[in-house]
Amino acid sequence: MRRTGTRTRPVRLPEAAGDETGTTEGAEPALRLAVLGDSVAAGVGAPNHRDALTGQTAQALTAMTGRAVSWRVTAKAGATLSGVRRGLLSGLTDPTTRWRPHLVLVVAGTNDALRLRRPGAFRRDAESLIRDVRLRLGEDVPLVFAGLPRIDGLAALPRRRRLPMSLYVRALDHKLKTAATRGVAVFYLPSGGPPDLPGDWLAADRFHPSPAGYRAWGRVLASRLATLTETACPPPTADA
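Notes on the structure in this doc start here. (Residues numbered from 1 in each chain as written. Predicted model: local features only at pLDDT ≥ 70, side-chain atom pairs only at ≥ 80, totals over all residues. Heavy atoms only, no water.)

1. Observations regarding the overall build of the chain
Helices and strands together make up the secondary structure of the chain, namely 6 helices and 8 strands. Along the chain direction, N to C, the helices and strands of the chain fall in the order β-β-β-β-α-β-α-β-α-α-β-α-β-α. Expressed as a percentage of its 240 residues, the buried residues of the chain come to 52%. A fraction of 79% describes how many contacts in the chain between residues 6 or more apart in sequence connect residues 24 or more apart. (Helix = DSSP H or I, 4+ residues; strand = E, 2+ residues; numbered from the N terminus. Buried < 20%, exposed > 50% of the residue type's maximum accessible area, 1.4 Å probe, protein only. Contact = heavy atoms within 4.5 Å.)

Written as structure tokens, this is what we have:
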């Protein structure tokens, strides 16, 4: 928070700058990873996407599997699950290069919690997103939901709101997991989020991760994605 006289106002940080696509160095052919989501997926708190969640997850995934990762992120600060479905699905593919994902990762839901989206409606939003991703891609590409991160320790939230909001986030997270278990080739991965260990894990707004926080979070997601890709996304043939 920044202080002006006796009043405070929140620090507002921009989304990550630079390219929204990239490829890590590893064994070819590359795993094609599409990331959709909110301000965390948009890299708020990091200078560019290579230092934000998508780039860090891709780099960690390469380190764990040896495979190159061709990544593409389409995200918007403030997006809810329904906002992702209505406004971001065009970023799943690139008609110019014929890029199509082998794996889709969705990082969203915190804004639904902040707006007090009802749990039942939130689950239906997740199910609608699954349906529309399938319609967009025309096939059952593995779709992964990153679980909602813990928010009970965030300094940006007033203390009196942390416990009730934390409980509410857990309720929505359970609905997200339920929606995933009902889908075909749909998976739920506990998010992890920045670690509880001492460190500068948060950006200046004390809400979004710092580059160090994104690196730690990316490693958590990558460790779970690495196991998933062994069976759900085996290395394709060179001409795939």
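2. Remarks on helix α6 (residues 211-232)
Over its 22 residues, α6 extends 29 Å from the first C-alpha to the last, a length consistent with the 32 Å expected when each residue adds 1.5 Å. For α6, the full list of buried residues reads Gly213, Tyr214, Ala216, Trp217, Gly218, Leu221, Ala222, Leu225, Ala226, Leu228 and Thr229. Residues of α6 that are buried sit in contact with β4 (27-37), α1 (53-65), β6 (103-107), β7 (143-146) and β8 (186-189). (Expected span 1.5 Å × (residues − 1).)

3. A short note on the nonpolar core
One finds Leu81, Leu92, Val104, Val106, Leu129, Phe145 and Leu176 to be the most contacted residues of the largest nonpolar core, which totals 33 residues. Contributing elements (two or more residues each) for this core: β4, α2 (81-87), β6, α4 (119-137), β7, α5 (159-181) and β8. For this core, the leading source of residues is α5, giving 7 residues. With sequence-adjacent residues up to four places away left out, Val104 is seen in contact with Ala34, Leu36, Leu92, Leu137, Val141, Pro142, Leu143 and Val144. One finds Leu31, Leu53, Val73 and Ala75 within the second-largest nonpolar core, a separate group that totals 31 residues. (Core = buried A, V, L, I, M, F, W, Y, C linked by side-chain atoms within 4.5 Å.)

4. A word on the side chain of Ser39
Within the secondary structure, Ser39 is located in the loop between β4 and α1. Residue class for Ser39 comes out buried when judged on its relative accessible area of 9%. In contact with Ser39, not counting residues within four places along its chain, are Val44, Lys76, Ala77, Gly78, His208 and Tyr214.

5. Notes on the pairing of β7
Along β7, one buried face is formed by Leu143 and Phe145 and the opposite face, lined by Val144 and Ala146, is buried too. Sheet analysis places β6 next to β7, joined by 3 bridges and oriented parallel. If you follow Val104 over to β7, its bridge partner there is Leu143. (Pairing = 2+ DSSP bridges.)

6. Topic: the sheet that holds β4
Ordered by their spatial adjacency, 6 strands build an open sheet running β3-β5-β4-β6-β7-β8, and the pairing between neighbours is mixed. What marks the edges here is a single partner per strand, and that holds for β3 (21-23) and β8. On average, each strand axis in the sheet is inclined to that of its neighbour by 20°, with strand direction left out of account. Where β4 and β6 come together, 5 bridges link them in parallel fashion. Within β6, the residue paired with Ala34 across the bridge is Val104. Along the sheet face, α1 touches β4, β5 (67-75) and β6 and points at about 165° away from the line of β5. (Axes fitted to C-alpha atoms, helices over the stretch in contact; angles between N-to-C directions.)

7. Things to note about the packing of aromatic side chains
Inspection of the entire model under this criterion finds 0 aromatic pairs. One residue, Arg72, lies across the ring of Trp99, its end atom 6.0 Å from the ring centre. (Phe/Tyr/Trp six-rings, centres within 6.5 Å; stacked < 30°, edge-to-face > 60°. Lys NZ or Arg CZ within 6 Å of the ring centre and 35° of its normal.)

8. What to know about the pattern of salt bridges
For the structure shown, the criterion picks out 9 salt bridges. With a closest N to O distance of 3.8 Å, Asp94 and Arg72 form a salt bridge. Here Asp94 is found in the loop between α2 and β6, whereas its partner Arg72 is found in strand β5, with 22 residues between them in sequence. The class of Arg72 is buried, set by a relative accessible area of 18%. Several salt bridges converge on common partners, so that one network encompasses Arg85, Arg131 and Asp132. (Salt bridge = Lys/Arg side-chain N within 4 Å of Asp/Glu carboxyl O.)

9. Topic: α5
Compared with an ideal rise of 1.5 Å per residue, which puts 23 residues at 33 Å, α5 spans 34 Å between its outermost C-alpha atoms and is within 8% of the ideal. On its buried face, α5 sits against α2, α3 (110-114), α4, β7 and β8.

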